[in-house]
Amino acid sequence: LGLAGVAIVAVALGFLVSMSALLLEEMSFRLYPRWGQAARLAIAAARFNELVTRKLLEGALAALAAHGVAVEDVDVVWVPGAFELPLVARRLAGSRTYDAVICLGCVIRGETVHFEHVAGQAAAGIREAGQTTGVPVTFGVLTTETLGQALDRAGGKHGNKGWDAATAAIEMSSLLEQLPKEAEP
């Protein structure tokens, strides 16, 4: 390519990154038109592996604040572990008090098959809670091989999946508000 070619590619990439950022800002405005108004959210957080889960909670709360959700409009409920998240998520979503429910937890693989049972049942139950109630219930449960991998995804080098689960809740709640309502049976 030569020096001139590399410079042209660098300028083009810089332009694309700038345009992407502008498009994301515009898109987020369209995706979340009602946010900034009073929205009620619940966060169900698992105490097991609390070192990680607290960091996920911090990320989720920061994301909600960044999108205009007041701290007094967020209820945080602690459950013993990830396996208990689905029952509490379903109760919270079924109450119709909340626009969305965010589930946070961390399951780290051990030396037994316990990991597969807990992780699989938590994922299936959280999905079912949302489908059954029609209220967005998001999955912010880390399933990792090591504590280090979990910390990397709870505010470390791979971002904060609590933030991601909260923004998914916002997006899904907004999207469902904009879509046609389900027909009565």
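Residues numbered from 1 in each chain as written. Predicted model: local features only at pLDDT ≥ 70, side-chain atom pairs only at ≥ 80, totals over all residues. Heavy atoms only, no water.

Undergrad: Outline a nonpolar patch on the surface, supporting the account with residue identities and numerical values.
TA: Residues Met172, Leu175, Leu176 and Leu179 make up a contiguous nonpolar surface patch of roughly 300 Å² in combined accessible area. For Leu176, a relative accessible area of 34% corresponds to the partly exposed category. (Patch = residues over 30% accessible without salt bridge, like charges linked within 9 Å, V, L, I, M, F, W, Y side chains within 5 Å. Areas by Shrake-Rupley, 256 points an atom, 1.4 Å probe, with all protein chains shown as cover. Salt bridge = Lys/Arg side-chain N within 4 Å of Asp/Glu carboxyl O. Buried < 20%, exposed > 50% of the residue type's maximum accessible area, 1.4 Å probe, protein only.)

Undergrad: Lay out the sheet that holds strand S3 (residues 100-108) with the relevant residues and their values.
TA: Strand order across the open sheet formed by four strands is S2-S1-S3-S4, with parallel pairing between neighbours. Here the strands that pair on one side only, and so sit at the sheet edges, are strand S2 (74-79) and strand S4 (137-144). Going from strand to strand, the sheet's axes swing by 15 degrees on average, the running direction of each strand aside. Summarising the sheet, strand S1 (residues 41-46) and S3 pair through five bridges and their orientation is parallel. By the bridge assignment, Ile43 is partnered in S3 with Ile102. Each of S1, S2, S3 and S4 is contacted by helix H2 (residues 50-66), which is oriented at about 150 degrees to S3, the strand it contacts most. (Pairing = 2+ DSSP bridges. Helix = DSSP H or I, 4+ residues; strand = E, 2+ residues; numbered from the N terminus. Axes fitted to C-alpha atoms, helices over the stretch in contact; angles between N-to-C directions. Contact = heavy atoms within 4.5 Å.)

Undergrad: Give a description of the side chain of Thr144 that names residues and reports values.
TA: Counting through the fold element by element, Thr144 comes out in strand S4. Once you skip the residues sitting within four places of it in the chain, Thr144 turns out to touch Val107, Ile108, Arg109, Phe115, Gln149, Ala150 and Arg153.

Undergrad: Quick rundown of the pairing of S1? Include the residues and the values.
TA: For S1, the buried fraction is high: six of the six residues fall into the buried class. Residues Leu41, Ile43 and Ala45 of S1 are buried on one face, and the alternating residues Ala42, Ala44 and Ala46, pointing to the opposite face, are buried as well. Two elements, S1 and S2, share six bridges in a ladder whose sense is parallel. Residue pairing in the sheet places Ala46 in a bridge with Val79 of S2. In this fold, the crossover linking S1 to S2 by way of H2 has right-handed handedness. (Right-handed = clockwise from strand over helix to strand, strands pointing away.)

Undergrad: Can you tell me about the pattern of salt bridges, naming the residues and giving the values?
TA: A full pass over the atoms with the stated rule returns seven salt bridges. Measuring nitrogen to oxygen at the nearest pair gives 2.7 Å for the salt bridge that ties Glu50 to Arg54. A residue pair is termed a helical-turn pair when its members lie 3 or 4 positions apart in one helix, as Glu50 and Arg54 do in helix H2 at four residues. Take Glu50: its relative accessible area is 30%, and that puts it in the partly exposed class. Taking the shortest distance from any N to any O, the salt bridge between Glu128 and Arg90 comes out at 3.6 Å. Within this pair, whereas Glu128 is found in helix H4 (residues 114-133), its partner Arg90 is found in helix H3 (residues 85-94), the two being separated by 38 residues in sequence. Since its relative accessible area comes to 40%, Glu128 is described here as partly exposed. Overall, the relative accessible area of 39% leaves Arg90 in the partly exposed class. Overlapping salt bridges bring together Arg40, Asp73 and Asp75 as one network.

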